[in-house]
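Residue strings, one per chain:
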Amino acid sequence: MWSRAMPSLRPPQSIRGRLLGLLLLALAGTWLAIAFLTYRDTHRGIDTLLDAHLQQAAHLLVTQAGHELDEGRDLEEVELEEDEEPSPYRTAVAFQVRRADDGVLLLRSANAPNAPLAGTTKGFSDSITGGTHWRVYTAADQEHELVFHVAENHATREAIARKVAWRTLAPLFVALPLFGMLVWWVVGRALRPLERLADELAGRSPTDLRPVRAGPLPLELVGLVERLDALLQRIRDSLDSERRFTSHAAHELRTPVAAMRAQTEVALGTDDASVRDAALRQSVQACDRMSRLVTQLLVLARADDTTAPLASSPCRLDVLAEQVLADVASDELADGVNLSLDAPAAVGVEGDPALLEALVRNLAENAVRHGGPGANVRVAVTARNGNALLAVEDDGPGVSPEVLDQLGRRFFRGPETRASGSGLGLSIVLRIAELHGGSVRFGSGDGGRGFMAEVTLPEAG
């Protein structure tokens, strides 16, 4: 049994939804942090304010009680004045007055318990007396040896603090949905250029490869659109190249087919054996030419196939050259041509052996075909500076400097070329060298005579 991993069926998430989600999540987190800090600081502020109020009330009580005692009035007459209209933020203050030496209760407010609210230590403290949690401030009158406890119900203080804190937070509750709507509007406006770009591309036909025109774009999209335009340009160039390739291939194939048909008709329509034999030989030559063209087209198609991985393995470039020269020497085209190989040492390269063999073969056949009868064709394989060098040189008529720059174009044949061919051999050499990370240089042979092609490939370790 075998299984294949299935592609994820999770629907794609929109940029708008993701961006809104992240921004709203960050906004909600920030809002919660601000709300917590605001509530805590407001609560602490109210506690501090109420403590100050409690301390002030204690000092007033001490001052008033001492004044009454100095005048000889009874302490029971001391009272704290209350507001006629109670405030929602008003606390009911309870107090006790005790003797410092024995703690006897001398005076208390109606809402204060009989039990001591706190000890004799001056300052703030918390206590639970009579089942009530009190916040107490203790003050002393050293002259009259009295201790004053002024207290507030802790629950009342807490209720006031919470009320003030929640009222402080009220604007934040209103601001949160407003900020959410503002974020939604800003995200929509920021993504509008992206929507225009998507609409512009969606409205195009598959053959419309013009540069993208989506109006003013933010800086972040300019680079994307430039790369998209560059991709469209490469696709246009590729399609144009394929159309030219198809047109030239059809033209090159039509010529040998037409010649083969014409010679076959001549052979069928004549009774002369010599004419018939000559016509059949011409037909065979046309078949050979078409076979070479088809072979070159197949090699070029394989070299141009970017989807298929390059079959890379170590191979000996000098051995490949020796095998290719042995095959070329047995060809009829090599009759009268002197072939020589100069490979003093083993030279290894990494690559596709079939493509590298096609590279060497095309260079050798090109030199044999254009060198002419009696030409000397020399193939040299050497290593230099970490590179493998393959040089193929002939002493034929050579190529004019004006034509050198155009060599390697597909289906290009120089105006002075008399040998048969399709104009694909050197373009195949260039493509194979490019696939293997190498380069090709064309020039004249030794002494400025003939033609020389030098291929540089990375040498295998």
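Conventions and cut-offs
Residues numbered from 1 in each chain as written. Predicted model: local features only at pLDDT ≥ 70, side-chain atom pairs only at ≥ 80, totals over all residues. Heavy atoms only, no water. Axes fitted to C-alpha atoms, helices over the stretch in contact; angles between N-to-C directions. Helix = DSSP H or I, 4+ residues; strand = E, 2+ residues; numbered from the N terminus. Parallel < 35°, antiparallel > 145°, perpendicular 65-115°, else oblique. Left-handed = near helix turned anticlockwise from the far one by under 90°. Contact = heavy atoms within 4.5 Å. Nonpolar A, V, L, I, M, F, W, Y, C, P; charged D, E, K, R; others polar. Core = buried A, V, L, I, M, F, W, Y, C linked by side-chain atoms within 4.5 Å. Buried < 20%, exposed > 50% of the residue type's maximum accessible area, 1.4 Å probe, protein only. Phe/Tyr/Trp six-rings, centres within 6.5 Å; stacked < 30°, edge-to-face > 60°. Patch = residues over 30% accessible without salt bridge, like charges linked within 9 Å, V, L, I, M, F, W, Y side chains within 5 Å. Areas by Shrake-Rupley, 256 points an atom, 1.4 Å probe, with all protein chains shown as cover. Salt bridge = Lys/Arg side-chain N within 4 Å of Asp/Glu carboxyl O. pLDDT = per-residue confidence, 0-100. Pairing = 2+ DSSP bridges. Expected span 1.5 Å × (residues − 1). Arc of directions from axis to C-beta.

So, the packing of helix 6 (residues 317–329) against helix 7 (residues 353–371)
Step number 1: For the pair helix 6 and helix 7, the least separation of the axes is 9 Å and the interaxial angle reads 50°. On the basis of their axis angle, the class for helix 6 and helix 7 is oblique. Crossing handedness for the pair helix 6 and helix 7: right-handed. Side by side, helix 6 and helix 7 meet where Leu317, Leu320, Ala321, Val324, Leu325, Asp327 and Val328 of the first sit next to Pro353, Leu356, Glu357, Val360, Arg361, Ala364, Glu365 and Val368 of the second.
Step number 2: The class makeup of the residues in the contact of helix 6 with helix 7 is 11 nonpolar, no polar and four charged.

What to know about the nonpolar core
Step number 1: Ranked by internal contacts, the top residues of the largest apolar core, which has 35 residues, are Leu359, Leu363, Leu390 and Val455.
Step number 2: If you list the elements that add at least two residues to this core, you get helix 6, helix 7, strand 9 (376–384), strand 10 (387–394), helix 9 (425–435) and strand 12 (451–458).
Step number 3: With residues near it in sequence (within four places) discarded, leucine 390 still touches Leu317, Leu359, Val360, Leu363, Val379, Ala380, Val381, Ala453, Glu454 and Val455.
Step number 4: Ala57, Val62, Tyr137 and Phe148 belong to the second-largest nonpolar core, a separate cluster that totals 14 residues.

Brief notes about the packing of aromatic side chains
Step number 1: Enumeration over the complete set of coordinates arrives at five aromatic pairs.
Step number 2: Ring centres 5.2 Å apart and planes at 70° place the aromatic pair tryptophan 31 and phenylalanine 173 in the edge-to-face group. In this pair, tryptophan 31 is assigned in helix 1 (residues 15–70) and phenylalanine 173 in helix 2 (residues 154–190), connecting sequence segments 142 residues apart.
Step number 3: For tryptophan 31, a relative accessible area of 15% corresponds to the buried category.
Step number 4: Ring centres of tyrosine 39 and tryptophan 166 lie 5.7 Å apart, and the angle between their planes is 55°; on these two criteria the pair is classed as tilted. Highlighted residues: tyrosine 39 in helix 1 and tryptophan 166 in helix 2, separated in sequence by 127 residues.
Step number 5: Assessed through its relative accessible area of 23%, tyrosine 39 is described here as partly exposed.
Step number 6: For tryptophan 166, a relative accessible area of 46% translates into the label partly exposed.
Step number 7: An aromatic cluster of at least three residues, connected via ring pairs, comprises Trp31, Tyr39, Trp166 and Phe173.

Description of a nonpolar patch on the surface
Step number 1: A grouping of Phe179, Leu182, Trp184, Trp185 and Val186 is seen on the molecular surface, where their side chains present a nonpolar patch of about 550 Å² in accessible area.
Step number 2: In this fold, phenylalanine 179 is placed in helix 2.
Step number 3: For phenylalanine 179, a relative accessible area of 44% puts it in the partly exposed group.

A short note on the pattern of salt bridges
Step number 1: The full count for this structure, using the stated rule, is 14 salt bridges.
Step number 2: A salt bridge links aspartate 327 to arginine 361; the nearest nitrogen and oxygen atoms lie 3.1 Å apart. In this pair, aspartate 327 is assigned in helix 6 and arginine 361 in helix 7, connecting sequence segments 34 residues apart.

With respect to the confidence of the model for the protein
Step number 1: Averaged over every residue, the pLDDT of the protein is 76; residues scoring 70 or more account for 77%.
Step number 2: Within the protein, strand 10 carries the highest mean pLDDT (89), whereas helix 8 (residues 401–404) carries the lowest (66).
Step number 3: Under a pLDDT of 50 for its full length, residues 77–84 has, in the predicted model, eight contacts with residues more than four places off or in other chains.

Some thoughts on the sheet that holds strand 2 (residues 105–108)
Step number 1: Pairing is antiparallel across the open sheet formed by five strands, whose spatial order is 2-1-5-4-3. Bordering the open sheet on either side are strand 2 and strand 3 (123–129), each of which pairs with just one other strand. On average, adjacent strands in this sheet sit at an angle of 25° to one another, irrespective of strand direction.
Step number 2: Bridging between strand 1 (residues 93–99) and strand 2 involves three bridges; their strand directions are antiparallel. Residue pairing across strands places glutamine 96 opposite arginine 108, the latter belonging to strand 2.
Step number 3: Set on the sheet, helix 2 makes contact with strand 3, strand 4 (132–141) and strand 5 (146–153); between it and strand 5 the angle comes to about 50°.

Overview of the sheet that holds strand 11 (residues 439–443)
Step number 1: Read across the sheet, five strands follow the order 7-9-10-12-11 without closing on themselves; strand pairing throughout is mixed. Pairing within the sheet leaves two strands with one partner each, and these edge strands are strand 7 (338–342) and strand 11. Along the sheet, successive strands turn relative to each other by an average axial angle of 15°, direction set aside.
Step number 2: In terms of strand pairing, strand 7 meets strand 9 through five bridges, oriented parallel. Its bridge partner lying in strand 9, leucine 341 is registered against valine 379.
Step number 3: The sheet contacts of helix 6 involve strand 7, strand 9 and strand 10, and relative to strand 7 the element is tilted by about 170°.

Let's talk about helix 6
Step number 1: Over its 13 residues, helix 6 runs 18 Å from end to end, which matches the ideal 18 Å to within 8%, given 1.5 Å per residue.
Step number 2: Restricting attention to buried positions, one finds in helix 6 the residues Leu317, Asp318, Leu320, Ala321, Val324, Leu325 and Val328. Viewed end-on, helix 6 has its buried residues packed into an arc of 155°, placing them on one side of the element.

Some words on the environment of aspartate 47
Step number 1: Turning to its location among the elements, aspartate 47 is positioned in helix 1.
Step number 2: Residues aspartate 47 and arginine 157 lie 110 residues apart in sequence; the distance between their C-alpha atoms is 7.4 Å.
Step number 3: With sequence-adjacent residues up to four places away left out, aspartate 47 is seen in contact with Arg157 and Ala161.

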